[in-house]
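Given next are the chains, with one letter for each unit.
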Amino acid sequence: MAFWRRNTYVEKERHVKANARDYNDKFSYADNHIKTSKYNIFTFLPINLFEQFQRVANAYFVVLFILQVIPEISSLSWFTTIVPLVLVLVITAVKDATDDYFRHKSDQQVNNRQSQVLIGGSSEPYGLCYIETAELDGETNLKVRQALTVTSDLGDIVKLMDFDGEVICEPPNNKLDKFTGTLFWRDNKYPLDNEKMLLRGCVLRNTEWCFGMVIFAGLQTKLMQNCGRTKFKRTSIDKLMNTLVLWIFAFLICMGVILAIGNTIWESLIGRNFQVFLPWNEFRSSAIFSGFLTFWSYIIVLNTVVPISLYVSVEVLRLGHSYFINWDQRMYYRQTDTAAEARTTTLNEELGQVEFIFSDKTGTLTQNIMVFSKCSINGQTYGDVYDEFDQKVEITEKTASVDFSFNSLCDRKFKFYDSRLVEAIKLEDSAVQEFFRLLALCHTVMPEEKSEGNLVYQAQSPDEGALVTAARSFGFVFRARTPETITLWEMGQAVTYQLLAILDFNNVRKRMSVIVRNSQGQIKLYCKGADTIIFDRLDPSSEDLKYTTSEHLSEFAGEGLRTLALAYKDLDEDYFDVWMKKLLFASTVIENREEQLAVLYEEIEQGLKTAMNIGYSCYMLRDDMNAVFIISGHTLLEVQQQLRSAKEHILGLSRVSSADVEKTNMFTHESVFEESIIAEYALVINGHSLAHALEPQLEHVLLDLACLCKTVICCRVTPMQKAQVVELVKRHKKSVTLAIGDGANDVSMIKTAHIGVGISGQEGMQAVLASDYSFAQFRYLQRLLLVHGRWSYFRMCNFLCYFFYKNFAFTLVHFWYGFFCGFSAQTVYDQWFITLFNIVYTSLPVLAMGLFDQDVSDQNSLRYPSLYKPGLQNLLFNKRQFFLCTLQGVATSFLLFFIPYGAFSNMVREDGSHYSDQQAFAVTIATSLVIVVSVQIGLDTHYWTAVNHFFIWGSLAVYFAILFAMQSDGIFGIFPSNFPFIGTARNCLTETSVWLVILLTTVVCVVPGLAVSFLRVDLFPTLADKVRHLQQSRKKQGPQEQSLRRVRRTSSRRSAYAFSHQQGYGELITSGKNMRMSTVSSSCSPGRTAQSSTWIENMLKRKNEVSCISDESTGAAETSTRATELHQ
């Protein structure tokens, strides 16, 4: 038997031939079209309705509507359900249509962009192209790409039409920094690498035009391969709400069963006596069947306990919170006219629960400033300043810097303080000159001379820029570059070097080299890299110098400077020719090209001469840490040992700390926990080590160690590794994750995290397009989380608690009434009241609270980052809070029914007649309910605005207006069957005794909750309660008492890092030293404390003391939010 099977062909290599459409078409490669939208004008309605009815609540209400049109079981009109349902569907459909419209616009913009192209030639000499890759990696500095020499002169149309070269290369993949291929043309083979490619997302700069050959298009480009799948993101509150709705539904079933059993018993014992004037119809044949029908009737009557309007209200709130983010002027970046943007409306409250932050990149998080500070050349150190007594002097802003006036091309901003190095340059010390010559030649920097002498360096990393700038200032000026030459300006003389080869950097090599031929014809190899790597490759004759230089390196590292080792080697002409032939052959193979090149690089980089060392400062990981752990193993066993060693170190110190606490008996259990948070650690792991750490047998060890650290830095990782780290935390931790980045290499990470944030630049929009939120500066993340995120979470939680309380108080009155109406499923209220209660009478006040309420101001939200902790611990709305608010609703419904019931049993009108009609009873309960829930929302509101006043009091006024209108003679005359409560409101609410009952009911319902809230705040105040009281106290004191003392962190010891270089550019960190933590103390200003009330002073002495943190303090560092930096 034959079965149909889908074609699962996997492309192993790509064949593309120029000017041969028929040849290329047979491979069925992807075109350049990309589609992310979900609907079109014809499919919107069916697909959207299908999606909406996948929500359980919507499907439930459709079933309910069907039940309501069955007369035997329905005691409510069909419009009580269909009106709210249609409203929900329409509002959600409009929102979905709006979102998809913007996706269509985005697709149109993206589909006008280029594909991935092999450069053939350009308007610049030697086929050079200058590009900006901001959309790929967020960097705006220029990079250079170069065409093959054999194709760079094909600029003529006729030549292009005759070009018939074929490219055989790797299949589509997501590796942005790697490309392997070969061009076959005219019986020759030419190697292709990433330097010959223009990736989708690149922007040409300073290049008028270029031509090329499309290799990948559309979804097969590296940019789109890194985008990953778009995942539907739901908040933890959404997931909890789904669980709670199921609980409520189960509770509804239980109530229906209880009342159905009651009906069966009542009909069996009592109901039979009424069959003379209330006979059963043919359909209702027995008491048991009557109970069955009653069950479905009560499911209809009590359906409002499952609130359909809840979903619409939540969507409106989230939309409002999104607009508040968009409108926040303090997150608006004026220089680029970029405002913050909430690109989704479903995740706002999740911003208040973020525990793990994953960020790219170092330059985004810190002022990644590199300064050339010290060096060791031929055993002599330079960079320190000494006085006349040969004592080292501390360098300050007042210390005189070296005069570089002898060099007209020096960088005016560069400062160095040891004049001995300049003197050595002027005395033509050969070792010193060779040192700066190496710095000026061995790099990948691109120069741009805007005017004579006005040089601007486009460096791939701050390391490179700092070193080339230092060489420039000391007289070895990197002036120009071509694919074959490098031109320096050495002490005022132009010198051109022939560039023979570049031995690129990668994570395994940890070094880069260049091979050049100088004007005398000598061939030299210049190398720079991590000290351990360079020292292992030195010639034995340099052993003594290596020892001395190593001592200097340790001194530099001890001072917190990053270090770099330099070496060079003279090459024999014949040996180099043989080696170059091997290199050309290895560079054209497709398989194992990198491994063969690595072997050749290793061969020629042996026997290096001399050793020189540089120390330069870098301000990274500025927060003081107890220790920084470096994971840099190359094998699974090495990584496993390093991870376990670091974990044991932390846990060992924690046990000692805990023992000390128990001995002193000075702190509570919470203080021990705080101590573990204050003891900060950092973890640094390289990309190749991370690959091993993410293996199944080690991922739990990595995760445990990472969670013990305050900061985790992943260096030189791929976009996929970034997503894997995020997925690891998501999979094993019940915590909210946030990923933030600015380039296409961050898209997978942004899409994987619960919340994705893109930093928008002038060109780098790929991360923004994939993000949930975007803004122009990383510093705005603090306000997004601590203000908007916390407020959204606080507002949503209060809204949900009140909403469930309100609905239970409203609905369960029917349950109590069932025991007094023979379990007949008769409703207490008028059916119009049931229809309008949630969508008119109580909708706007709760929306106003959910939109505008705030427990503390935005300034205090930033000043006291610990206010963020309730969101991390999910304290404001959880299953316990749901139980409490529903319990309050049940109790309120009980009081709402039985207080009027008891009063009506013994109460008479002013004329002596009894209140015997059910309609007056219904109006009294309904009025009491509306007043009670309005008073309760007033008590729950922390921040009153004109909108709150208008909505609360306006809703009460609307209730009475509609009540009297619907129960008037006029509307009854028009629709007698639909408005049966004629004159009830007029007759009932004019009685003083009725208003006394309403007042009594309101007081009894509200006062217990008010008393509990008052006692909780007085006896067990939360941090928010204390800050709110301080906030109110400041308003009374005046602005002069509100200043806070600024607190800055200090440290007596810094971290030390080895030189970093990226593949093609530089690795971030390869070694590190421990850092000592300094205690951060934050205290209130004396003036303000003196003015505080006694109550506040006593309160501040309690366990949860309020710390007055500087406005500039970073909230994420002060809360338990952990930061993970993912750097490619």
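Everything here concerns the structure above.
As a starting point, this report considers the structure included with it. None of the values given here were measured: they were computed from a predicted structure. (Residues numbered from 1 in each chain as written. Predicted model: local features only at pLDDT ≥ 70, side-chain atom pairs only at ≥ 80, totals over all residues. Heavy atoms only, no water.)

Here we look at the overall build of the protein chain
When helices and strands are counted, the protein chain shows 40 helices and 32 strands. For the protein chain, the proportion of its 1128 residues judged to be buried stands at 54%. If you take every contact in the protein chain between residues at least 6 apart in sequence, the share linking residues at least 24 apart comes to 75%. (Helix = DSSP H or I, 4+ residues; strand = E, 2+ residues; numbered from the N terminus. Buried < 20%, exposed > 50% of the residue type's maximum accessible area, 1.4 Å probe, protein only. Contact = heavy atoms within 4.5 Å.)

Remarks on the nonpolar core
Core analysis: the largest hydrophobic core is formed by 102 residues, its most contacted members being Phe799, Leu800, Phe804, Tyr829, Phe833, Phe877 and Leu929. A total of 18 residues in this core trace back to one element, the largest contributor, which is helix H26 (residues 780–818). Counting residues in each nonpolar core, the second largest holds 46 residues, with Val402, Phe436, Val445 and Val514 among its members. (Core = buried A, V, L, I, M, F, W, Y, C linked by side-chain atoms within 4.5 Å.)

Topic: the packing of helix H22 (residues 699–708) against helix H23 (residues 719–732)
Where H22 contacts H23, the two axes come as close as 11 Å, and the packing angle between them is 85°. The pairing of H22 with H23 is recorded here as roughly perpendicular in orientation. When H22 is examined against H23, the residues Glu699, His700, Leu702 and Leu703 are found in contact with a partner set consisting of Leu728, Val729, Arg731 and His732. Of the residues contributing to the contact of H22 with H23, the split by class is four nonpolar, two polar and two charged. (Axes fitted to C-alpha atoms, helices over the stretch in contact; angles between N-to-C directions. Parallel < 35°, antiparallel > 145°, perpendicular 65-115°, else oblique. Nonpolar A, V, L, I, M, F, W, Y, C, P; charged D, E, K, R; others polar.)

Notes on the packing of aromatic side chains
Per the counting criterion, the structure on display carries 61 aromatic pairs. The interplanar angle of 75° and the centroid separation of 6.1 Å between the aromatic rings of phenylalanine 833 and tyrosine 959 together place this pair among those described as edge-to-face. Of this pair, phenylalanine 833 sits in helix H27 (residues 831–841) while tyrosine 959 sits in helix H33 (residues 946–966), and the two are 126 residues apart along the sequence. Each of the two residues, phenylalanine 833 as well as tyrosine 959, counts as buried. Connected via pairs of aromatic rings, a cluster forms that spans Phe815, Trp816, Tyr817, Phe819, Phe820, Phe823, Phe894, Phe897, Phe898, Tyr901, Phe904 and Phe921. Here the basic side chain of lysine 806 rests over the ring of phenylalanine 803, its NZ or CZ set 4.1 Å away from the ring centre. (Phe/Tyr/Trp six-rings, centres within 6.5 Å; stacked < 30°, edge-to-face > 60°. Lys NZ or Arg CZ within 6 Å of the ring centre and 35° of its normal.)

Focus: the side chain of serine 542
Within the secondary structure, serine 542 is located in the loop between helix H15 (531–536) and helix H16 (543–558). Those residues in contact with serine 542 that sit more than four places away from it in its chain are Leu608, Lys609 and Thr610.

Focus: helix H32 (residues 918–940)
With 23 residues, H32 extends 33 Å from end C-alpha to end C-alpha; this agrees with the ideal 33 Å at 1.5 Å per step. Most of H32 is tucked away: 18 of the 23 residues are buried. (Expected span 1.5 Å × (residues − 1).)

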